Amino acid sequence: MLVRRVWPSRPTFEGSFSDFDQIRREVLRLLDAATDGAPDQGAGVFPPMNITQDDDKFYLRAEIPGIKPAELSISALRNRVSISGRREIPREHERVSYHRKERPEGAFNRTVTLPTEVDAERVDARYADGILTLTLPKAEQAKPRQIAVKS
Amino acid sequence: MATEATTDVQKAETATVATPEQTRTGPVYSPAVDIFENDNTITLLADMPGVKASDLEIDLRENVLTLTGRVTPAGTAKEWNVLREYRPGTFFRQFTLSEAVDQPKIDAQLTDGVLRLELPKVEKARPRQITVRSS
């Protein structure tokens, strides 16, 4: 099974190193596809996303535990979807001593490009159990059409 | 010398006694945690996105705290992948607690994929303020 990854597009004026970065990602993507391995968690992108599609819709699922839905900003334009927000871990008011502090916090912003355009007006977003689910109906002109074969 | 070698072997053996394997296949992830304590309570926060309260098991026996959270993959069979960056799996992590915990008073809360576990220390494990009297 081939797993395709869509990377957020990068501006070209970042310098020549971005080309190497692009190549590195491509190679990693090919290795992932060849071994059918799950990409590592926490590979530098937050939040990790899974995107699936059926005939009519795209489904985007992102792992964003412990955030208030009001703090998420989601926008869709043509075939691009952006998710941004800020994950804050509330400070403990009492005097406490930490044993471990592993949970990440901070601002995030991701844009993904979908294979076809979506109907931005009818995008539905739900947040439950730390998973954000976006349902993005495909634009009318992007839906597959059944073609009858005349004999 | 010889005795030292045997102790080393014994140590190695204890180290290889791994945690029992999961019966379900699929990836097992170690959730990111924050652990902190104050005088009365040890608090543990764990990120477990996709875990429902009914699919979370918390077990504490003989000072070993075990967290197991199962994630049911979302979506229907009709969907096919466009992009896959994470694979739903099981969250599993164990901790050895150094202090005695008041078991009946343990409080666990799962909100938006974050577990907050409060483990109150037993009375005798709490630090006691000792007042120094001057004569």
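Peer 1: Can you walk me through the nonpolar core in this structure?
Peer 2: Grouped together as the largest cluster of nonpolar side chains are 19 residues, with contacts concentrated most on Ile51, Phe58, Leu60, Val81 and Leu136 of chain A. Listed by contribution, the elements that provide at least two residues to this core are β1 (49-53), β2 (57-63), β4 (80-87) and β8 (131-137) of chain A together with β6 (80-84) of chain B. The greatest single-element share of this core, amounting to four residues, is contributed by β8 of chain A. Apart from residues no more than four positions distant in its own chain, leucine 60 of chain A is found in contact with Met49, Ile51, Val81, Leu134 and Leu136 of chain A. The next biggest cluster of nonpolar side chains, apart from the first, holds 17 residues, and it includes Leu44, Leu45, Leu67 and Leu117 of chain B.

Peer 1: I tried to follow the sheet that holds strand β6 (residues 106-113) of chain A on my own but got confused; where do I start?
Peer 2: One key point about sheets: their strands pair by backbone hydrogen bonds, in either a parallel or an antiparallel sense. All names here are of chain A. With antiparallel pairing, three strands are arranged side by side in an open sheet as β3-β4-β6. The open sheet has two free edges, formed respectively by β3 (73-77) and β6, since each of these has just one partner strand. If you compare each strand with its neighbour and ignore which way they point, the axes differ by 10° on average. Summarising the sheet, β3 and β4 pair through five bridges and their orientation is antiparallel. Note that in β4 the partner of isoleucine 74 across the bridge is isoleucine 83.

Peer 1: Would you mind going over unusual backbone geometry with me for this structure?
Peer 2: Of note, arginine 78 of chain A is a non-glycine position whose phi angle comes to about 50°, a positive value. Mapped onto the secondary structure, arginine 78 of chain A falls in the loop between β3 and β4. Accessibility expressed as a C-beta count within 10 Å gives 12 for arginine 78 of chain A, which makes it exposed. The backbone of glutamate 62 of chain B shows a phi angle near 45°, a positive value even though the residue is not glycine. Mapped onto the secondary structure, glutamate 62 of chain B falls in the loop between β4 (51-61) and β5 (64-71). Residue classification places glutamate 62 of chain B among the exposed residues on the basis of 6 C-beta atoms within 10 Å.

Peer 1: For this particular structure, what's the right way to read the pairing of strand β7 (residues 124-128) of chain A?
Peer 2: Within a regular strand, side chains alternate between the sheet's two faces. Residues and elements named next belong to chain A. The sheet contact formed by β7 and β8 spans five bridges and is antiparallel. By the bridge assignment, alanine 128 is partnered in β8 with isoleucine 131. A loop of two residues connects β7 with β8, the two strands running antiparallel in sequence, and aspartate 129 in this loop sits at a positive phi of about 50°.

Peer 1: I keep staring at the interface of chain B and chain A and nothing clicks. Help me out?
Peer 2: Interface size is often expressed as the accessible area that is lost when the parts come together. If you look at the interface, chain B gives 31 residues, while chain A gives 40 residues. If you list the elements that add at least two residues to the side of chain B that touches chain A, you get β2 (33-37), β3 (41-47), β4 and β6 of chain B. Looking at the side of chain B that touches chain A residue by residue, the classes come out as 16 nonpolar, five polar and ten charged. Pairing geometry for β1 of chain A and β6 of chain B, over four bridges, is antiparallel. Looking at β6 of chain B, one finds that isoleucine 51 of chain A is bridged to leucine 83 of chain B.

Basis of the calculations
- Residues numbered from 1 in each chain as written.
- Chains lettered and ligands numbered in written order.
- Predicted model: local features only at pLDDT ≥ 70, side-chain atom pairs only at ≥ 80, totals over all residues.
- Core = buried A, V, L, I, M, F, W, Y, C linked by C-beta atoms within 7 Å.
- Buried ≥ 20, exposed ≤ 12 C-beta atoms within 10 Å, placed from the backbone.
- Helix = DSSP H or I, 4+ residues; strand = E, 2+ residues; numbered from the N terminus.
- Contact = placed C-beta atoms within 7 Å.
- Pairing = 2+ DSSP bridges.
- Axes fitted to C-alpha atoms, helices over the stretch in contact; angles between N-to-C directions.
- Nonpolar A, V, L, I, M, F, W, Y, C, P; charged D, E, K, R; others polar.

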